[in-house]
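Results of the structural survey
In case you want the letters, here they are:
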Amino acid sequence: MDTTQLFLQRYDVLYEFWLGGIWEMVPDDKKRQRPHPQVNSIAWNLWHVIRVEDAGLNRFVADHPQVLDQDAWLQKLNVPWRHHGSGMNFAEVDDLNQRIDLGALHEYGRAVQARTREIVTHIDRVDLDAKLQEERVRAIVIDEGLAYREARDLVDSYTGWTKGKCLMNFGLTHPYQHVGEMGVIASLLGVVFD
């Protein structure tokens, strides 16, 4: 099994089953709700997962433009933020919950998935052992607006990561973590998965 097959074996399940179930079975009004004052919404989690994947794989792994920067996605999503949401306070999360166009978010997610599959299909062209240099990380995190409040912490954290670690973390590990969170949120909102 090569890297592409291994990645897609878990990636396809992530989007076709786990996240597909969230999109299909959780009503839009519940996606926007926070079941507890200290918990994010499903809408925020979906937006965050998609933003991290878009920026993480396109900018850190493949050195492509983000999908966000094509086809006026910010306007379609009805959000003003380029960042990926880490560090938002709950008032800002509530603002996102009210304003985001969930249909556009789903379409943006599909566009990011298509790009991820394209990247992974040609992953043999990428040196997965190459380490991220601080100057490059800073340009993406700060200059391009990936970070919100904790920019310096993200620069420090991501500097030295390999492109392979970025691929696996931003493409698989990170979204699976949030799938679990979304499942708990859905349960707290009374959603029953068949």
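Residues numbered from 1 in each chain as written. Predicted model: local features only at pLDDT ≥ 70, side-chain atom pairs only at ≥ 80, totals over all residues. Heavy atoms only, no water.

**Quick look at the environment of P27**
To keep things clear, this is the line we draw: Secondary structure follows DSSP: runs of H or I at least 4 residues long count as helices, runs of E at least 2 residues long count as strands, and numbering of each begins at the N terminus.
Within the secondary structure, P27 is located in the loop between α1 (3–25) and α2 (28–31). Between the C-alpha atoms of P27 and G183, which are 156 residues apart in sequence, the distance is 13 Å.

**Focus on unusual backbone geometry**
Note the cut-off: Each residue is placed in one exposure class: buried if its accessible area under a 1.4 Å probe, protein chains only, is under 20% of its type's maximum, exposed if it is over 50%, and partly exposed if it falls in between.
One non-glycine residue, D63, lies in the positive phi region at around 60 degrees. Within the fold, D63 resides in the loop between α3 (42–61) and α4 (73–77). Even without being a glycine, D71 presents a positive backbone phi close to 60 degrees. With respect to the secondary-structure elements, D71 resides in the loop between α3 and α4. You can call D71 exposed: its relative accessible area is 54%.

**Focus on the side chain of K31**
Note the following rule: Here a polar contact means two N or O atoms within 3.5 Å. Within protein one must be a hydrogen donor candidate and the other an acceptor candidate, and residues neighboring in sequence count only if both atoms are side-chain atoms. Here a residue-residue contact requires only that any non-hydrogen atoms of the pair lie within 4.5 Å.
Its place among the elements puts K31 in helix α2. Judged by relative accessible area, which is 1%, K31 ranks as buried. Polar contacts involving the side chain of K31 include one to the main-chain carbonyl oxygen of W23, which spans 3.2 Å. For K31, the side chain forms a polar contact with the side chain of D28, separated by 3.0 Å. Here K31 is in contact with I22, W23, V26, S41, I42, A43, L46 and L102, once residues within four sequence places are set aside.

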